[in-house]
Amino acid sequence: MMICDPEVACILVYIGEREQEVSMRDILDAKPRSEWLQLIQQWIHNETDREMITRRLLDGKTYEQLCDEFGPLQIDQIKRRISRAQKQLISHAN
């Protein structure tokens, strides 16, 4: 699996030889919040990254809101960290 630009909020899923685009919202809706929280706790090892990915994916916070909340981190750093965390979660979500 491969994550697209987080701003587009889609991923490309490779099923066998075929590539299919799936929205991040469809993936999130496929599991209850409790399962996502468990996956985040299990696979995202950095505490700040866990908080950011939870607020972004499950609480719907914007990058600007996260930038305000996580102080010294710049928006590009937040986007990069969330993108890495999304890749990690999606790879273990199935």
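All figures in this text were calculated on a predicted structure; none of them were measured in a lab.

Novice: Where do I start with helix H5 (residues 75-93) in this structure?
Specialist: Residues spaced three or four apart along an α-helix face the same direction, because each turn holds 3.6 residues. For H5, spanning 19 residues, the distance from its first C-alpha to its last is 26 Å, which sits close to the expected 27 Å at 1.5 Å a residue. Of the positions making up H5, those classed as buried are Ile 78, Arg 81, Ile 82, Ser 83, Ala 85, Gln 86, Leu 89, Ile 90 and Ala 93.

Novice: Sorry if this is basic, but what is going on with the packing of helix H2 (residues 33-43) against helix H3 (residues 47-58) here?
Specialist: Helix-helix packing: each pair is described by the crossing angle between the helix axes and the interaxial distance. Interaxial distance between H2 and H3 falls to 10 Å at its minimum, and their mutual angle equals 155°. Classified by the interaxial angle, the pair formed by H2 and H3 is roughly antiparallel. Considering how the two elements wind past one another, H2 and H3 form a crossing that is right-handed. Here Arg 33, Trp 36, Leu 37, Ile 40 and Gln 41 of H2 come into contact with H3, specifically with Arg 50, Ile 53, Thr 54 and Leu 58. Of the residues in the contact of H2 with H3, the class split is five nonpolar, two polar and two charged.

Novice: Whenever I open this one, the confidence of the model for the protein chain confuses me. Can you help?
Specialist: Mean pLDDT over the protein chain: 81, with 77% of residues reaching 70 or higher. Mean pLDDT in the protein chain bottoms out at strand E1 (residues 2-3), which sits at 38, and peaks at H3, which reaches 95. Within the model, the stretch residues 1-8 combines pLDDT values under 50 with 22 contacts to residues more than four positions away or in other chains.

Definitions and limits used
- Residues numbered from 1 in each chain as written.
- Predicted model: local features only at pLDDT ≥ 70, side-chain atom pairs only at ≥ 80, totals over all residues.
- Heavy atoms only, no water.
- Helix = DSSP H or I, 4+ residues; strand = E, 2+ residues; numbered from the N terminus.
- Expected span 1.5 Å × (residues − 1).
- Buried < 20%, exposed > 50% of the residue type's maximum accessible area, 1.4 Å probe, protein only.
- Axes fitted to C-alpha atoms, helices over the stretch in contact; angles between N-to-C directions.
- Parallel < 35°, antiparallel > 145°, perpendicular 65-115°, else oblique.
- Left-handed = near helix turned anticlockwise from the far one by under 90°.
- Contact = heavy atoms within 4.5 Å.
- Nonpolar A, V, L, I, M, F, W, Y, C, P; charged D, E, K, R; others polar.
- pLDDT = per-residue confidence, 0-100.

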